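Analysis of the macromolecular model
Chain by chain, the residues run as shown.
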Amino acid sequence: MALIAPSRRIRRTPFSDGVEAAGVKGYTVYNHMLLPTVFHSVTEDYRHLKSQVQIWDVSCERQVELRGPDAARLMQILTPRDLRAMLPGQCFYVPIVDETGGMLNDPVAVKLADDRYWISIADSDLLLWVKGIANGYRLDVLIDEPDVSPLAIQGPLADELAARVFGDAIRDVKFFRYGIFSFAGRDIVIARSGYSKQGGFEIYLPDSDLGMPMWNALMEAGRDLDVRAGCPNIIERIEGGLLSYGNDMTRENTPHECGLGRFCSTETAIGCIGRDALLRVAKEGPVRQVRPLSISGDLPPCDRLWRVMAEGEKVGHVSSAAWSPDFETNVAIGMVRMTHWKPGTRLEVETPDGMRDATVEAKFWN
Ligand code: THG
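Description of the structure in this document. (Residues numbered from 1 in each chain as written. Predicted model: local features only at pLDDT ≥ 70, side-chain atom pairs only at ≥ 80, totals over all residues. Heavy atoms only, no water.)

1. Notes on the overall build of the chain
A count of helices and strands for the chain gives 8 helices and 21 strands. Taking 21 Å as the expected radius of gyration for a compact globule of 366 residues, we find that the chain reaches 21 Å, a close match to that expectation. Along the first, second and third principal axes, the C-alpha set of the chain runs to 65 × 50 × 40 Å. Per-residue burial over the chain gives 57% buried out of 366 residues. Looking at the chain alone, contacts between residues at least 24 apart form 66% of all its contacts between residues at least 6 apart. As displayed, the chain offers around 16,600 Å² of accessible surface, 50% of which is attributable to carbon and sulfur atoms. Taking the average location of the 41 positive side-chain charges in the chain and that of its 50 negative ones, the two points are 3 Å from each other. (Helix = DSSP H or I, 4+ residues; strand = E, 2+ residues; numbered from the N terminus. Rg over C-alpha atoms; globule rule 2.2 N^0.38 Å. Buried < 20%, exposed > 50% of the residue type's maximum accessible area, 1.4 Å probe, protein only. Contact = heavy atoms within 4.5 Å. Areas by Shrake-Rupley, 256 points an atom, 1.4 Å probe, with all protein chains shown as cover. Lys, Arg positive; Asp, Glu negative; His and termini not counted. Charge placed at Lys NZ, Arg CZ, Asp CG, Glu CD.)

Okay, structure coming up:
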């Protein structure tokens with residue numbers, strides 16, 4: 001593929017200088033911002049992520065900040081997940097849907113205070129939807145994109161590295177909780193979360209000027225741990241069943257089709273947009289759903305939907321696929337019709353390079 005032209009619309013990040021110095025080999029664009037995709041090779045990055053520790057520039061997980069007396073009310077209007085029990089210090093994975101129950105985003109919500117939230121968004125312009133809703137409902141809340149850039153520490157040695165830089169107390173932070181830690185005299189939100197199944201933290205860097213000092217501090221502290229620059233890894237995320245908005249789900253899908261029904265309490269999420277539509281799908285159940293698929297043979301990169309066939313009929317599609325060295329098969333994320341979603345069902349996948357045999361798996365590879 002040809003190079004993509006750099007310009008202001010493809011935003012750099014507070015860590016871009018470090019990412020470049022580390023020899024980044026490929027990028028994607030996410031929320032109009034650079035997101036690294038490969039440093040050494042995707043397979044070598046995968047091996048290293050699963051055995052050591054990496055620093056990820058995930059600044060592109062932009063924050064939509066809600067601030068003011070109606071912040072909590074707006075948050076509950078935005079999601080069918082019941083937020084009544086959410087306390088400051090907690091993070092919630094929250095599906096966001098439109099009035100038809102179609103997925104608009106699948107962010108992590110961070111509750112900073114009763115009147116202050118960050119919505120750490122996936123790749124869609126959620127800020128515009130949130131501003132529109134707040135204005136339409138005449139809510140008393142300020143909404144903007146603050147200068148906050150997530151930097152993830154991911155991998156089995158993440159606790160050791162984080163403890164060296166932020167102190168041993170970081171070991172006690174529980175999954176999807178955050179603590180406030182000091183760096184360069186600033187208070188910084190650090191959560192135990194991240195877009196891998198290897199464990200780790202996400203630092204919500206509150207000021208771009210701290211970007212390179214933070215990056216360098218982590219790299220230096222982890223020298224003997226073989227810390228490296230890394231990024232979300234397609235093999236590891238498919239193995240782990242982590243969905244990618246825009247790839248594995250779009251506005252065409254309900255949360256239930258995405259396997260995110262467990263994050264919806266549509267009965268009790270009173271006032272949320274899409275509630276009526278979701279009450280129907282929650283009752284009936286989806287007629288197609290995300291499934292792990294293993295696929296045989298060589299595969300090209302999955303840069304478009306691949307039809308999933310059974311006896312010459314389309315019964316679904318594949319949206320992400322990659323060779324897994326650990327499981328010695330192609331691992332894939334598909335959307336499969338109810339009639340063919342039982343584990344063990346044999347299917348065919350129509351790739352640009354030809355038909356491939358596939359099997360519905362019982363669970364993702366973790
Ligand atoms: N971290 C933060 N922001 C993000 C992401 C992130 N914004 C974009 C994108 N990733 C949003 N999508 C996801 C998808 C999955 C998860 C988090 C964000 C995730 N899921 C866990 C799982 O499926 O095992 C656990 C969810 C739970 O149990 O609550 O972590 O990664 N800041």
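2. Let's talk about the sheet that holds strand β14 (residues 200–205)
Whether parallel or antiparallel, the strands of a sheet pair through hydrogen bonds between backbone atoms. In space, the 6 strands of this open sheet follow the order β12-β13-β14-β11-β3-β15, with mixed pairing throughout. Edge positions in the sheet fall to β12 (178–183) and β15 (228–230), since each has one partner strand and no second. Strand-to-strand twist in this sheet, taken as the mean axis angle between neighbours without regard to direction, amounts to 30°. Here 3 bridges tie strand β13 (residues 186–191) to β14, and the two strands are oriented antiparallel to one another. (Pairing = 2+ DSSP bridges. Axes fitted to C-alpha atoms, helices over the stretch in contact; angles between N-to-C directions.)

3. A word on the layout of surface pockets
In this approach the atoms are scanned with a rolling probe the size of a water molecule, which exposes any empty space left behind. In this structure, the second largest pocket occupies an estimated 150 Å³ of space. Considering the residues around the second largest pocket, the lining is formed by 13 residues, among which R11, H32, D125, L127 and E145 are closest to the centre. Listing elements by their share of the lining of the second largest pocket, those giving two or more residues are β4 (63–67) and α4 (126–136). When residues of the lining of the second largest pocket are assigned to their parent elements, the largest contribution, 3 residues, is made by α4. Partitioned by chemical class, the residues of the lining of the second largest pocket number 5 nonpolar, 4 polar and 4 charged. (1 Å grid on protein atoms, 1.4 Å probe; cavity = no way out; pocket = protein on both sides within 12 Å on 5 of 7 lines; lining within 4 Å. Points joined across faces, edges and corners; volume = space filled by probe spheres on them. Nonpolar A, V, L, I, M, F, W, Y, C, P; charged D, E, K, R; others polar.)

4. Concerning the environment of P36
With respect to the helices and strands, P36 occurs in strand β2 (residues 33–38). Taking relative accessible area as the criterion, P36 reaches 3% and is therefore assigned buried. Separated by 252 residues in the primary sequence, P36 and R288 place their C-alpha atoms 32 Å from one another. Not counting residues within four places of it along the chain, the set of residues in contact with P36 comprises V19, V24, G26, Y27, D57, C231 and P232.

5. Some details on α4
Burial in α4 covers these residues: L126, V130, I133 and A134. Take α4 and look down its axis: the buried residues cluster within an arc of 95°, on one side only. Away from its buried face by more than 90 degrees, α4 exposes L128, N135 and G136. Where α4 is buried, its residues contact β4, α3 (71–78), β6 (96–97), β7 (103–105), β9 (116–120) and β10 (142–144). After α4 finishes, the residue R138 shows a positive phi value of roughly 50°. (Arc of directions from axis to C-beta.)

6. So, the site of the ligand
The environment of the ligand is formed by 17 residues, the closest being D106, S120, K197, E202 and Y204. Note that a nitrogen atom of the ligand is positioned 3.2 Å from one of the backbone N or O atoms of D106. Here a nitrogen atom of the ligand sits 2.7 Å away from a polar atom, N or O, in the side chain of S120. Notes on the ligand: free accessible area 650 Å², of which the protein chains cover 88%. Here the residues of the shell around the ligand are counted per class, giving 11 nonpolar, 2 polar and 4 charged. (Near = heavy atom within 4 Å. Polar contact = N/O pair within 3.5 Å; in protein donor to acceptor, adjacent residues only side chain to side chain.)

7. Comments concerning the pairing of strand β21 (residues 354–360)
Pairing analysis gives 3 bridges linking strand β16 (residues 288–295) to β21, with the strands arranged antiparallel. The residue of β21 that forms the bridge with I295 is A358. Taking the residues that link successive antiparallel strands as the turn, the strand β20 (residues 346–351)-β21 hairpin has 2 residues.

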